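Structural overview
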Amino acid sequence: MSRDRDAMGRPLVAVTGLGVVTSLGQGVTDNWAALTAGRSGIHAITRFPTEGLRTRIAGTVDFIAADPVVAPMLSERFAEAAAAEAIGQAGLSGDFPGALFMAVPPVEIEWPQRQALAEAAAANGDVTYADLLRAAASRRFDDWHDLFIFGTVADRIADRFGTRGSPISLSTACSSGATAIQLGVEAIRRGEVEAALCIGTDGSVNPESLIRFSLLSALSTQNDPPEAASKPFAKNRDGFVMGEGAAALVLESAASARARGARILGYVLGCGEKGDGFHRTRSSPDGAPIIAAIRAAIDDAGLHPDQIDTVNAHGTGTPENDKMEAMGCLAVLGERMRGVPISSNKSMIGHTLTAAGAVEAAFSLLTIAHGRVPPTLNYAVPDPAIPLDVVTTARDVPVRTVLSNSFGFGGQNTCLVFGAEPV
């Protein structure tokens, strides 16, 4: 293996830039300080009225404005901030010298816009489909048409940073951010690009999405105090807390990064993906797809399971998901997994959904850089059915490799392995 090739002879994929936005703050420095200090960004929702709702808390990003306040516009603003930070850290100027792979939330016209369209279409108090078509044909809503198209966020980010080729928009549920990174890695390995801008972004805390997740009984209803609601791996966990944010990674072939004198922050060593058609929301009871995704990521990295130093958990805090993740990790890493530090940042920032895999990738790389595993909050009542070493206060340990898990609704499982300079 040469310095710029992995064990399989493929181009080694380096990370040269990181950018992060979460409810903890804007920027890598502020997020890492808050995360390792065990501060929570989960709070009462103020963006819209929550009276009558079972869940009234979220990790919303309230310090970045958008007009209108809708998921695609918020997602664009978060992505723009994260990408600017990552590209700046990578030391790149001018047009970005590679492709854009972006994870964005599913897009549909939201309730305020539907109401405005219906009011414009109303005739004698009734609204027919023909009325809606006439209202749309008035051209008053053209801006909304552009805004609520799935590829718009990526198109605008591509224009903003001058990425090459057609931007790729993807949505693989809660594994989306990790999938965006995987696509960038694969493009560099195939020699199609020397660099990739990989982004996961999500600003979809709105009444409709909150109610939909609530109807699935997926959300925590422990609203007071908000910071105690998300309890990954704890016996008294009762669901996840919605979050928002974005993370951007600049990936380059190691050869290209070294040639231009870039500072390498770490490497994406392996990617594993496994689909599971068992159920729209539940995992396969035997855990086979999760196990396969974890094993595939470690194999792709050319590592043995014993070489994983810590696990950045998907760790949503839902009863079933945490149990299945523990099962998968124990199946692949064996009895050693009981002593491998594992942590879930969703306990502090909530579940950032489409952005989660990218946000957690950034935190995984920071874990390697600082030799510090962030804590998991609210692990006061351990679950005897989950015999894991859950980190509850920031732990300083040597870390060369991190397994980062992302398991999405519909059985979309993506795992990534990050590493320091390969030996």
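In this report, we go over the structure that sits alongside the text. Owing to the predicted nature of the structure, the values given are computational and were not obtained by experimental measurement. (Residues numbered from 1 in each chain as written. Predicted model: local features only at pLDDT ≥ 70, side-chain atom pairs only at ≥ 80, totals over all residues. Heavy atoms only, no water.)

**Details of the overall build of the chain**
Here is the rule we go by: Secondary structure elements are taken from DSSP: a helix is a run of H or I of four residues or more, a strand is a run of E of two residues or more, and numbering for both begins at the N terminus. Each residue is assigned to one of three classes by its accessible area relative to the maximum for its type, calculated with a 1.4 Å probe on protein chains only: buried under 20%, partly exposed between the two thresholds, exposed over 50%. A contact between two residues is defined here by any heavy atoms of the two lying within 4.5 Å. Using a 1.4 Å probe, accessible areas were evaluated by the Shrake-Rupley method; residue-level cover was limited to the displayed protein chains. Positive charges come from Lys and Arg, negative ones from Asp and Glu, while His and the chain ends are left out of the count. Note that the charge is assigned to NZ on lysines, CZ on arginines, CG on aspartates and CD on glutamates.
Broken down by element type, the chain carries 13 helices and 16 strands. Seen along its three principal axes, the alpha-carbon backbone of the chain occupies a region of about 75 × 50 × 40 Å. Counting the 423 residues in the chain, one finds 59% classified as buried. Sequence-distant contacts, at least 24 apart, represent 78% of the contacts inside the chain between residues at least 6 apart. Entry remark: accessible area of the chain is about 16400 Å², with carbon and sulfur atoms responsible for 52%. Separation of charge centres in the chain, based on 35 positive and 46 negative side chains, amounts to 4 Å.

**Section: the nonpolar core**
If you look at soluble globular proteins, the nonpolar side chains tend to sit buried side by side. Note the threshold: For this analysis, a nonpolar core means a set of buried residues of the types Ala, Val, Leu, Ile, Met, Phe, Trp, Tyr and Cys, connected via side-chain atoms within 4.5 Å.
Leu18, Ile181, Leu249, Leu251, Val268 and Phe363 are the most contacted members of the largest nonpolar core, which totals 47 residues. Examining the composition of this core, we find that eight residues originate from one element, helix 13 (residues 356-370), more than from any other. Setting aside chain neighbours within four positions, we find Leu251 in contact with Val13, Ala14, Val15, Ile181, Gly184, Val185, Ile188, Glu194, Ala195, Ala196, Cys198 and Val268. In terms of nonpolar packing, the next biggest core, distinct from the first, is built from 34 residues, Ile308, Leu403, Phe407 and Cys415 among them.

**Concerning the environment of Met337**
Looking at the element boundaries, Met337 is found in the loop between helix 11 (319-333) and strand 11 (341-343). Here Met337 falls in the buried class, since its relative accessible area comes to 0%. As a C-alpha pair, Met337 and Val311 span 26 residues in sequence and 9.3 Å in three-dimensional space.

**Brief notes about the side chain of Thr36**
In plain terms, the rule: For this analysis, a polar contact is any N or O atom pair within 3.5 Å, provided that within protein one partner can donate a hydrogen and the other can accept it, and provided that sequence-adjacent residues contribute only side-chain to side-chain pairs.
Inspection of the secondary structure assignment puts Thr36 in helix 1 (residues 28-37). Take Thr36: its relative accessible area is 14%, and that puts it in the buried class. Here the side chain of Thr36 touches Trp32 through a polar contact of 2.7 Å, landing on its backbone oxygen. Look past the residues within four positions of Thr36 in its chain and what remains in contact with it is Arg372, Pro375 and Ala394.

**Brief notes about the packing of helix 10 (residues 288-300) against helix 11**
Selection rule: Orientation is described by axes fitted as lines to C-alpha atoms, over the contacting stretch for helices, and by angles from 0 to 180 degrees between their N-to-C directions. Angle categories are assigned with fixed cut-offs, so that under 35 degrees is roughly parallel, over 145 is roughly antiparallel, 65 to 115 is roughly perpendicular, and the rest are oblique. In this scheme the crossing of two helices becomes right-handed for a clockwise turn of the near helix relative to the far one and left-handed for an anticlockwise turn of less than a right angle. Under the convention adopted here, Pro, Cys and the residues Ala, Val, Leu, Ile, Met, Phe, Trp and Tyr are nonpolar, Asp, Glu, Lys and Arg are charged, and Gly plus all remaining residues are polar.
As a packed pair, helix 10 and helix 11 sit with axes 8 Å apart at the nearest point and diverge in direction by 45°. As summarised for this structure, helix 10 and helix 11 are arranged oblique, according to the angle between their axes. Read as a crossing pair, helix 10 and helix 11 show a hand that is right-handed. Taken together, the residues of helix 11 that come into contact with helix 10 (itself represented by Ile290, Ile291, Ile294, Arg295 and Ile298) are Met324, Gly328, Cys329, Ala331, Val332 and Leu333. Here the contact of helix 10 with helix 11 is composed, by residue class, of nine nonpolar, one polar and one charged.

By themselves these figures say nothing about function.
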